[in-house]
Amino acid sequence: MSRLRDWIASRAPFGDFVDFLRHKSVPAHHHSLWYYFGGLALLLFVVQLLTGVLLLLYYRPTPDAAFESVRFVMAQVPFGWLIRSVHAWGANLMIFAVFVHLFSVFFTRGYRRPRELTWLSGCALLILTLGFGFSGYLLPWNELAYFATKVGTEIVGVVPFVGHPVLVFLRGGPDVTGATLTRFFGFHVALLPLATALVLLVHLLLVQVHGISAPIGEPREARQVPFYPNFVLRESIVWVIALAILVGLATFLPWELGTKAEMLAPAPEGIRPEWYFTFLSQSFKYLPPTILGVEGERAAVLAVGAVAVVFFMIPLLDSAARRERRSAAVTAFGAAIILYMMVLTALAYLRPY
């Protein structure tokens with residue numbers, strides 16, 4: 001065994017990597033809990049990859065076969081219903097974990113110099129994660145997913161200048177058809193995983209280079225906890241709890257398949273996108289037809305886009321602001337975004353019509 005270990009070590013020096021982890025440390029303070037959501041999002045991404053590969057063995061991306069293939073997985077494949085429910089619930093939990101991780105970095109000012117690129121890569125991962133959720137929602141080709149995709153792509157279509165070409169590109173034509181299903185399948189299983197893997201690699205490398213930032217107000221020489229084994233052990237406990245919650249949700253609240261989509265059927269009442277896009281569609285209901293000569297829906301999309309750009313560029317804006325005012329202003333800005341999203345989402349579910 002000793003000779004075998006030496007042979008492996010001479011060709012794959014994993015010992016150097018372990019030594020690096022032993023010397024790596026994580027700040028310990030009252031807000032350390034938020035550090036675990038980054039690793040949690042990574043775990044759920046791996047779960048999505050594994051369950052997605054298993055579903056891919058049976059899925060057929062055509063309007064005639066997509067719904068039946070998913071129903072076959074849920075009804076005939078051993079534990080297929082569980083794998084599909086884990087994949088569906090895991091997607092929602094992953095998006096939630098990415099949101100929490102990004103906002104925790106925002107409120108603790110983890111984007112401060114020299115971590116601006118780390119922040120931007122994290123924002124890119126949020127966009128890619130939302131892309132996963134949006135593209136994967138249509139794949140079962142059920143009624144709710146079909147009409148929710150129509151609503152979601154129509155939101156994209158109101159963007160000035162580029163909206164209609166992007167809508168046609170996403171749908172594969174002017175309407176949601178089988179071409180849309182094929183394109184979303186390609187996005188979901190090929191383009192988005194590849195892009196996410198590349199951006200995630202850059203993000204993790206930047207985290208290793210610059211380390212984890214301590215919140216403003218913590219002393220420069222704050223207490224440090226060794227990454228390995230201390231932080232890894234605590235993160236593992238979080239992972240076990242998260243997996244237990246995920247499997248519990250998938251077991252006791254299995255994800256329903258619904259009814260097959262009929263392209264010529266009327267849209268059911270109360271249709272809306274998934275919860276992470278609901279606030280935007282709900283905003284349209286409270287806007288007048290025109291705002292300062294601009295169509296109401298278009299004005300809402302422009303406003304949300306402007307807020308997103310400011311949010312993503314906050315490292316540059318924060319450093320340029322006056323020191324005595326920037327902390328309160330940045331906190332208020334982030335709190336306003338969260339409050340707006342929560343209130344509009346709650347109204348959509350409490351008043352669906």
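What comes next concerns the included structure. The structure displayed is predicted, hence computed values, not measured ones.

### Observations concerning the environment of Phe227
Here is step 1: Relative to the assigned elements, Phe227 resides in helix H10 (residues 227-252).
Here is step 2: Classification of Phe227 by relative accessible area gives buried; the value is 18%.
Here is step 3: For the pair formed by Phe227 and Leu253, sequence separation is 26 residues and the distance between their alpha carbons is 36 Å.

### Remarks on helix H12 (residues 296-312)
Here is step 1: End to end, H12 covers 24 Å across 17 residues, agreeing with the expected 24 Å (1.5 Å per residue, within 8%).
Here is step 2: By the burial criterion, the buried members of H12 are Gly296, Ala299, Ala300, Val301, Phe311 and Phe312.

### Notes on the side chain of Asn142
Here is step 1: Residue placement: Asn142 occurs in the loop between helix H6 (116-138) and helix H7 (143-157).
Here is step 2: A polar atom in the side chain of Asn142 sits 2.9 Å from the backbone oxygen of Leu257.
Here is step 3: With sequence-adjacent residues up to four places away left out, Asn142 is seen in contact with Phe67, Leu257, Thr259, Lys260 and Ala261.

### Some points on unusual backbone geometry
Here is step 1: Here the amide bond leading from Arg113 into Pro114 is cis, since omega sits at 10°, within 30 degrees of zero.
Here is step 2: Summarising the element assignment, Pro114 is placed in the loop between helix H5 (80-107) and H6.
Here is step 3: Of the consecutive residues Tyr228 and Pro229, the connecting peptide bond is found in the cis state with omega at 10°.
Here is step 4: Position of Pro229 among the secondary structure elements: in helix H10.
Here is step 5: For Phe79, which is not a glycine, the phi torsion comes out positive at approximately 60°.
Here is step 6: Positionally, Phe79 belongs in the loop between helix H4 (66-75) and H5.

### Here we look at the packing of H4 against H5
Here is step 1: At their nearest, the axes of H4 and H5 sit 5 Å apart, and the two run at 115° to each other. The residues of H5 that touch H4, namely those facing Val70, Val73 and Met74, are Gly80, Trp81 and Arg84.
Here is step 2: Taken together, the residues of the contact of H4 with H5 sort by class into four nonpolar, one polar and one charged.

### Section: the pattern of salt bridges
Pairing is possible between side chains that carry opposite charge, provided their charged atoms lie close to one another.
Here is step 1: Per the stated rule, a full pass over the model turns up two salt bridges.
Here is step 2: The partner of Lys260 in a salt bridge is Glu68, with the nearest N and O atoms 3.3 Å apart. In this pair, Lys260 is assigned in the loop between H10 and helix H11 (275-283) and Glu68 in helix H4, connecting sequence segments 192 residues apart.
Here is step 3: Notably, a salt bridge pairs Arg171 with Glu154, separated by 4.0 Å at the nearest N-O pair. Here the residue Arg171 occupies a position in helix H8 (residues 163-171), and Glu154 occupies one in helix H7, the gap between them amounting to 17 residues.
Here is step 4: With relative accessibility at 4%, the residue Arg171 sits in the buried group.

### Brief notes about the packing of helix H3 (residues 36-56) against helix H9 (residues 178-210)
Here is step 1: Look at H3 against H9: their axes get within 12 Å of each other, and the N-to-C directions meet at 150°. The pairing of H3 with H9 is recorded here as roughly antiparallel in orientation. The hand of the H3/H9 crossing is left-handed. For the pair H3 and H9, contact is made by Leu42, Phe45 and Leu56 and by Phe185, Val189, Thr196 and Leu200, respectively.
Here is step 2: When its residues are assigned to classes, the contact of H3 with H9 shows six nonpolar, one polar and no charged.

Cut-offs used in this document
- Residues numbered from 1 in each chain as written.
- Predicted model: local features only at pLDDT ≥ 70, side-chain atom pairs only at ≥ 80, totals over all residues.
- Heavy atoms only, no water.
- Helix = DSSP H or I, 4+ residues; strand = E, 2+ residues; numbered from the N terminus.
- Buried < 20%, exposed > 50% of the residue type's maximum accessible area, 1.4 Å probe, protein only.
- Expected span 1.5 Å × (residues − 1).
- Polar contact = N/O pair within 3.5 Å; in protein donor to acceptor, adjacent residues only side chain to side chain.
- Contact = heavy atoms within 4.5 Å.
- Axes fitted to C-alpha atoms, helices over the stretch in contact; angles between N-to-C directions.
- Nonpolar A, V, L, I, M, F, W, Y, C, P; charged D, E, K, R; others polar.
- Salt bridge = Lys/Arg side-chain N within 4 Å of Asp/Glu carboxyl O.
- Parallel < 35°, antiparallel > 145°, perpendicular 65-115°, else oblique.
- Left-handed = near helix turned anticlockwise from the far one by under 90°.

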